[in-house]
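# Structural features, examined
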Amino acid sequence: MIPPAVTTVAYRASITDLVAQLKPALAITLAFNRDTTPAGAAQDLKHLHARLDRLVLGRLWAKRVDDRSIYLAVIEHVDTNLHIHLALSCAPEFVDQIAAAVGGIWKSMVPTGSVKVRDAYDAAGWGRYISKAITPGTCDLLLTS
């Protein structure tokens, strides 16, 4: 049997590898600053993702599957101050537009919420950061687009 600590370390390392492979353009933290559930947070993230893609791809964004942005996200602190860390990858020509818009869109969706957006210049470092609290037992807190 593999000790649980080794399993957790390997699991977190695999998330770090996935983030690095994603080659994200943006490192984003979405806070709710109110009570919510992991399921509610996941739905809000899906809605935000759709709105961002519609912004940059136009009204037929859903049909442009190959052009859509993609993300890998982790929900953290479920019992205290639930928030989401995500790595977002998109076409280079959309990075500035998405970075500028995400805060306003999030605020319209979650009026109590806050956003931090940074360039994802160190994808592996961001992957280590967002996976710091997840374990194989909490894998349902790992979200992908």
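Higher on the page you've got the structure.
For the structure given in this document, a descriptive report is provided here. All values reported here derive from a predicted model rather than from experimental measurement.

### Regarding the sheet that holds strand S1 (residues 26-31)
If you trace the five strands from one edge of the open sheet to the other, you get S4-S1-S3-S2-S5, paired in antiparallel fashion. Each edge of the sheet is formed by a strand with only one pairing partner; in this case those strands are strand S4 (114-119) and strand S5 (142-144). The average angle at which neighbouring strand axes cross in this sheet is 15°, direction not considered. Sheet topology note: the S1/S4 ladder contains six bridges and is antiparallel. Within S4, the residue paired with Ala 27 across the bridge is Arg 118. Running over the sheet, helix H3 (residues 95-109) touches S1, strand S3 (83-89) and S4 and is turned about 170° from S4. Helix H4 (residues 123-130) contacts S1, strand S2 (70-76), S3 and S4 of the sheet and is inclined by roughly 155° relative to S3.

### A closer look at the nonpolar core
Core analysis: the largest hydrophobic core is formed by 46 residues, its most contacted members being Val 19, Leu 30, Leu 45, Leu 48, Ile 84, Leu 86 and Ile 98. Per-element accounting of this core gives the leading share, eight residues, to helix H2 (residues 38-57). Sequence-distant contacts of Leu 48, defined by excluding residues within four places in its chain, comprise Leu 30, Val 102, Ile 105, Trp 106 and Met 109.

### A word on empty space enclosed by the protein
For the structure shown, the criterion picks out one cavity of 30 Å³ or more. In this model, the largest cavity occupies a volume close to 30 Å³. For the largest cavity, the full set of lining residues is Ile 28, Leu 45, Leu 48, His 49, Leu 52, Leu 86, Leu 88 and Val 102. If you list the elements that add at least two residues to the lining of the largest cavity, you get H2 and S3. Here the lining of the largest cavity gets four residues from one element, more than from any other, and that element is H2. Tallied by class, the residues present in the lining of the largest cavity amount to seven nonpolar, one polar and no charged.

### Focus on the packing of aromatic side chains
Evaluation of the coordinates by the stated rule reveals two aromatic pairs. On the basis of an interplanar angle of 75° and a centroid distance of 5.1 Å, the ring pair of Phe 32 and Trp 106 is categorised as edge-to-face. Residue Phe 32 is located in the loop between S1 and H2, and its partner Trp 106 is located in helix H3; the two are separated by 74 residues in the primary sequence. Judged by relative accessible area, Phe 32 falls into the buried class, the value being 0%. Using a relative accessible area of 0% as the deciding quantity, one classes Trp 106 as buried. Taking 5.5 Å as the distance between ring centres and 25° as the angle between the ring planes, the aromatic pair formed by Trp 126 and Tyr 129 counts as stacked. With Trp 126 and Tyr 129 both in helix H4 and three residues apart, the pair spans about one turn of that helix. Residue classification places Trp 126 among the buried residues on the basis of a relative accessible area of 10%.

Here is what the cut-offs are and how they apply
Residues numbered from 1 in each chain as written. Predicted model: local features only at pLDDT ≥ 70, side-chain atom pairs only at ≥ 80, totals over all residues. Heavy atoms only, no water. Pairing = 2+ DSSP bridges. Helix = DSSP H or I, 4+ residues; strand = E, 2+ residues; numbered from the N terminus. Axes fitted to C-alpha atoms, helices over the stretch in contact; angles between N-to-C directions. Contact = heavy atoms within 4.5 Å. Core = buried A, V, L, I, M, F, W, Y, C linked by side-chain atoms within 4.5 Å. Buried < 20%, exposed > 50% of the residue type's maximum accessible area, 1.4 Å probe, protein only. 1 Å grid on protein atoms, 1.4 Å probe; cavity = no way out; pocket = protein on both sides within 12 Å on 5 of 7 lines; lining within 4 Å. Points joined across faces, edges and corners; volume = space filled by probe spheres on them. Nonpolar A, V, L, I, M, F, W, Y, C, P; charged D, E, K, R; others polar. Phe/Tyr/Trp six-rings, centres within 6.5 Å; stacked < 30°, edge-to-face > 60°.

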